[in-house]
Amino acid sequence: MLTAPEIRALKGQRPLVWMTAYDVIQAQVSEEAGIDVILVGDSLGMTTMGYDSTIPVTLSDMIHHATMVRRGAPHTMMIVDFPFLTYPDVPTALTNARRIMQESLANGVKLEGGHDVIPVVDALIKEKVPVIGHLGLTPQSVHVMGGYKVQAKTSESIARLIRDAEELSAHGVTAIVLEGIPDRVARFVTDHIDTPTIGIGAGPHVDGQVLVFHDCLGLSPHVPKFARPFADIRNIMIQGLQDYRQAVMDHSFPHNSETYHITDNAWNHFLQEYQSSEPGSSQ
Ligand code: KIV
């Protein structure tokens, strides 16, 4: 398992490959595929719980899913998202980080924001909790952003993002997720800090990439512009279920080889006993 210092040390050495996961099977296949870091993202609100944003996701939801992921991927670094409004101040963040780390056995936490979250970042790192930052399109701010829009497109917002990244880096975060920003901004940030940047919708010039599991494998009904489905799992699943339905309807499932059997002897013995115990039989 990679550790937080090893993640930082890999900047400039090789690309880092991160993946989200929300349950045991997704964790197992991610670990088997050699993913560097599994992120239990609050995107589970959309991918797994059917909400249209991350806002309704609770701390208990995150811990519930993170414990499944930990069981499926015991040898992979696992980062768990702080969900909406669970890190508004230092005492609340520490209480909630303790629950995440102790109950799910996470290796670190991720939070959204820059300058404003620095006191929380400092307190967590002081208490030995590895922290991942998240800048750019931060989904927990969907209502103030006015939707899921690409960020850092004006001089002022680009400068703010760079300042935030520099500050997070200087305060010792393990990595910074850059989401939904132009490629040139991502490259500039990546070149100006010594902390690894992990892009999602941030172009190729970052230190690593993260994708949502469902987007990466073609499980989502709609794949965002920045994602690439590397498999077509949704259609494979639909085809499999249609084949199963057809086989039940035409009685070709289950086959003899898919059925448990009993010996003639055992069955005849049962029948004899059963019949002789019937009311009216002479025992
Ligand atoms: O919630 C999440 O899955 C994330 C990734 C998209 C980076 O934050």
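Residues numbered from 1 in each chain as written. Predicted model: local features only at pLDDT ≥ 70, side-chain atom pairs only at ≥ 80, totals over all residues. Heavy atoms only, no water.

**Some details on the pairing of strand β5 (residues 131-136)**
Among the six residues in β5, six count as buried, and that is most of the element. The sheet contact formed by strand β4 (residues 108-110) and β5 spans two bridges and is parallel. Opposite K110, over in β5, you have I132 as the bridge partner. As for the winding sense of the linkage, the β-α-β connection from β4 through helix α6 (residues 118-126) to β5 is right-handed. The pairing of β5 with strand β6 (residues 175-179) spans five bridges and is parallel. Considered in β6, the bridge of G133 is made with I176. (Buried < 20%, exposed > 50% of the residue type's maximum accessible area, 1.4 Å probe, protein only. Helix = DSSP H or I, 4+ residues; strand = E, 2+ residues; numbered from the N terminus. Pairing = 2+ DSSP bridges. Right-handed = clockwise from strand over helix to strand, strands pointing away.)

**Side note on a nonpolar patch on the surface**
Together, L241, Y244, V248 and F253 make up an exposed nonpolar region whose accessible area comes to about 400 Å². As for its position among the elements, L241 is in helix α11 (residues 233-249). (Patch = residues over 30% accessible without salt bridge, like charges linked within 9 Å, V, L, I, M, F, W, Y side chains within 5 Å. Areas by Shrake-Rupley, 256 points an atom, 1.4 Å probe, with all protein chains shown as cover. Salt bridge = Lys/Arg side-chain N within 4 Å of Asp/Glu carboxyl O.)

**A short note on the site of the ligand**
Lining the immediate environment of the ligand, one finds T20, L39, G41, D42, S43, D81, K110, H134, V177, I200 and V210. Within the side chain of D42, a nitrogen or oxygen atom sits 3.0 Å from an oxygen atom of the ligand. Here K110 contributes a side-chain N or O atom positioned 2.9 Å from an oxygen atom of the ligand. Partitioning the shell around the ligand into residue classes produces four nonpolar, four polar and three charged. (Near = heavy atom within 4 Å. Polar contact = N/O pair within 3.5 Å; in protein donor to acceptor, adjacent residues only side chain to side chain. Nonpolar A, V, L, I, M, F, W, Y, C, P; charged D, E, K, R; others polar.)

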